[in-house]
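# An overview of the molecular structure
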Amino acid sequence: MWQKFGPVLTVVLAIFALWYVMAVVMNANWAYDKAKRADVELGFSELVVDTWSQKKPRLPAPHQIAEELWNTTAMKSITSKRSLVFHSWITLSSTLLGFAMGTVLGILLAVGIVHNKAMNLSVMPWVIASQTIPILAIAPMIIVVLNAVGISGLVPKAVISMYLSFFPVVVGMVKGLRAPDAMQMDQMRTWNASKWTTFWALRWPSSVPYLFPSLKIGVAAALVGAIVAELPTGAVRGLGARLLAGSYYGQTIQIWSALLMAAALAAALVMVIGQIEKYALRKMGMAR
Amino acid sequence: MNQEVVIEAKKLSLTFETNDGPVHALKDVDLTINKGDFVSFIGPSGCGKTTFLRVMADLEQPTGGEISVNGMTPEEARLKRAYGYVFQAAGLYPWRTIGGNIRLPLEIMGYSKAEQAMRVDEVLELVHLDGFAKKFPWQLSGGMQQRASIARALSFDADLMLMDEPFGALDEIVRDHLNEQLLELWAATNKTICFVTHSIPEAVYLSSKIVVMSPRPGRVTDVIESTLPRERPLDIRESQEFLDIAHRVREGLRAGHGDD
Ligand SMILES: Nc1ncnc2c1ncn2[C@@H]1O[C@H](COP(=O)(O)OP(=O)(O)OP(=O)(O)O)[C@@H](O)[C@H]1O
Ligand SMILES: [Mg+2]
């Protein structure tokens, strides 16, 4: 047990310790200011207590975030606007839609690139160029353009998620679909197999081990996309909206709890894909 | 003798254009292979054995001369699925079971489900792998995988087998064993077999005809018709007749090397 979790536990404890120390350091100014105005002397223990319990600390202490998380998840009905579960679901839904669209787009582009000479030469530079444009710059444009043609709500946000998540899928799948070596391709030729058969019987299964790592990166990127998409729209719902509202009003605890929620969501999504990967590879006889 | 010709090459040449200039992999090769022959190709590395096999299989286009397979061009023969090709590496798909791997060409060629199952069982038995249909390739030894790949090439029952050093990576004992099985299989099916090897004893033991090649440019220096009987126990390799043929092969190889 210790063998397995010991190192992880040690690191986590170290992070918490550092975090608490930093909370004292970063929030001390405000504590001294308050004490000065109230004309009282601040001892060390009072300083610590104060810096760990301010309402709008520069750096909230872990237990404050934990309390906020508890209050906004377990203690609120999930349909309430104050529930973090509710906001997470809003963000998650556009993440998943965008991720699905990005995966399909990525696979289609990869299939085209692998099978079509013209696409092979022309598409990849554009795909790479698309990722060099900062998403923060392009997100408002996507939303405005889609709004202009009457599309609003979930879809524009999902499109931004798609924009970020198709990239790792294209790159991984191009490599995966090209994984069969010359001998395997020759072998298909000796059987006079069609391109279609070669794709389904050889290229596609060969690409599976490449697909899943791409999907893991893609789903995390899709979540980032969904959060970013909520910023320029002035959305009132979603984790991005919580971040934005938190920063307007200096609610650092709210910001941090939304951040942690997003991180937990990303971890959960990656883990789900990891489980599907394990299952798929075992089913295909490729996991030992 | 009135024999059916399977492979006929006339002045066959193939030159690869590479960045370092042309490579003459085959030059003016004349060869006739009859139905039911077991032909071994032997020669030093780079003399064009693989290239010759690949030309027969329409995986490589000759740059000169003519070749026919079953009286057709290699392409027509390939489209008719006239041959089974065994590559040097087994090349089984890791995501398919042994049975699934052998079934693959049958699926591609549109055999019915029942026929597929029947043929898979049949060829697994031929290569002595009955009972392994449900195993995955990684559960088999290298030699077993190679047998499975031979079974796969046999599955659609082409009359011509092209085998490129199928036992190259295996140890002597396993090799002996597989050679015996291959002869057994040849006797049972009367297929025409083209077999590339680096081993003189293997070539002499297996073949009814030994083609000795020499490199740069790849040419046929000797074609030896074996006088050994078709029925060949392993200890035939100690007979004088066997040693005489092996000697002639060695001489041929040496002569080819001489004008390098
Ligand atoms: N695709 C290719 N492009 C360029 N040169 C090639 C190509 N394939 C083979 N060659 C060259 O042709 C010559 C014959 O190659 P080949 O593979 O037929 O030899 P081989 O007799 O099978 O050798 P080995 O016993 O090592 O397998 C070699 O000099 C090789 O470098
Ligand atoms: Mg070779």
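As a further point, take the overall build of chain B. Across its full length, chain B holds eight helices and nine strands. Dimensions of chain B, computed from the C-alpha atoms along their principal axes, are close to 55 × 45 × 40 Å. For chain B, with 260 residues in total, the buried portion stands at 55%. Counting contacts in chain B only where the partners sit at least 6 residues apart, residues at least 24 apart contribute 70% of the total. Accessible area of chain B: about 11,700 Å², with a carbon and sulfur share of 49%. Charge-centre separation for chain B: the mean point of 28 positive side chains lies 4 Å from the mean point of 38 negative side chains.

In this section: the pairing of strand β1 (residues 5–18) of chain B. Bridging between β1 of chain B and strand β2 (residues 21–34) of chain B involves ten bridges; their strand directions are antiparallel. Within β2 of chain B, the position partnered with Val5 of chain B by the bridge is Asn34 of chain B.

Time to look at the domain arrangement of chain B. Residues and elements named next belong to chain B. Domain parsing of chain B yields domain 1 (1–82 + 160–170 + 186–260) and domain 2 (89–157). Centre-to-centre, using C-alpha coordinates, domain 1 lies 26 Å away from domain 2. With seven residues of domain 1 at the interface, the matching set in domain 2 holds ten residues. Here domain 1 meets domain 2 over a buried area of about 770 Å², counting both sides, of which 74% is carbon and sulfur.

This brings us to the pairing of strand β8 (residues 209–214) of chain B. Residue and element names in this part refer to chain B. Where burial is concerned, most of β8 is hidden: six out of the six residues are buried. Burial along β8 is two-sided: the residues Lys209, Val211 and Met213 and Ile210, Val212 and Ser214 are all buried. Where strand β3 (residues 38–42) and β8 come together, four bridges link them in parallel fashion. Bridge pairing in β8 links Phe41 to Val211. Here six bridges tie β8 to strand β9 (residues 219–225), and the two strands are oriented antiparallel to one another. If you follow Met213 over to β9, its bridge partner there is Val220. Here β8 folds back onto β9 in antiparallel fashion, the turn holding four residues, of which Arg216 has a positive phi close to 45°.

Once that is clear, we can look at the state of the cysteines. Across all of its chains, the model carries zero disulfides over all chains by this definition. Of all cysteine sulfurs in the structure, the one in Cys194 of chain B sits closest to Cys47 of chain B, which takes part in no disulfide; the separation is 14 Å.

Turning to the domain arrangement of chain A, a few remarks are in order. All names here are of chain A. For chain A, the assigned domains are domain 1 (2–59) and domain 2 (84–283). Here domain 1 and domain 2 have C-alpha centroids that lie 38 Å from each other. Listed by partner, the interface residues are seven residues for domain 1 and six residues for domain 2. Roughly 470 Å² is buried in total at the junction of domain 1 and domain 2, and carbon and sulfur atoms are behind 60% of that figure. Summed over the shared surface of domain 1 and domain 2, the result is zero salt bridges. Linking domain 1 with domain 2 are two residue pairs in polar contact (both at pLDDT 80 or more), by the criterion used here. The residue makeup of the side of domain 1 that touches domain 2, split by class, is three nonpolar, one polar and three charged.

Another aspect to go through is the packing of helix α1 (residues 2–38) of chain A against helix α2 (residues 44–51) of chain A. All names here are of chain A. Where α1 meets α2, the axes come as close as 8 Å, and the angle between the chain directions of the two elements is 105°. Considered as vectors, α1 and α2 are oriented roughly perpendicular to each other. Contacts from Ala23, Val24, Asn27, Ala28, Ala31, Tyr32 and Lys34 of α1 reach α2 at Leu47, Val48, Asp50 and Thr51. Residue classes in the contact of α1 with α2 are distributed as seven nonpolar, two polar and two charged.

All names here are of chain B. Taken together, three strands build an open sheet; the order of strands is β2-β1-β4 and the sheet is antiparallel. Across the chains shown, the open sheet's two edge strands, defined by having one partner strand only, are β2 and β4 (64–69). The sheet shows a mean angle of 20° between the axes of neighbouring strands, direction not considered. Pairing between β1 and β4: five bridges, direction antiparallel. Residue Ile7 lies in a different strand from β4, and its bridge partner there is Val69.

Cut-offs applied
Residues numbered from 1 in each chain as written. Chains lettered and ligands numbered in written order. Predicted model: local features only at pLDDT ≥ 70, side-chain atom pairs only at ≥ 80, totals over all residues. Heavy atoms only, no water. Helix = DSSP H or I, 4+ residues; strand = E, 2+ residues; numbered from the N terminus. Buried < 20%, exposed > 50% of the residue type's maximum accessible area, 1.4 Å probe, protein only. Contact = heavy atoms within 4.5 Å. Areas by Shrake-Rupley, 256 points an atom, 1.4 Å probe, with all protein chains shown as cover. Lys, Arg positive; Asp, Glu negative; His and termini not counted. Charge placed at Lys NZ, Arg CZ, Asp CG, Glu CD. Pairing = 2+ DSSP bridges. Domains from an automatic or database assignment. Buried area = accessible area lost by both parts, 1.4 Å probe. Disulfide = S-S within 2.5 Å. Salt bridge = Lys/Arg side-chain N within 4 Å of Asp/Glu carboxyl O. Polar contact = N/O pair within 3.5 Å; in protein donor to acceptor, adjacent residues only side chain to side chain. Nonpolar A, V, L, I, M, F, W, Y, C, P; charged D, E, K, R; others polar. Axes fitted to C-alpha atoms, helices over the stretch in contact; angles between N-to-C directions. Parallel < 35°, antiparallel > 145°, perpendicular 65-115°, else oblique.

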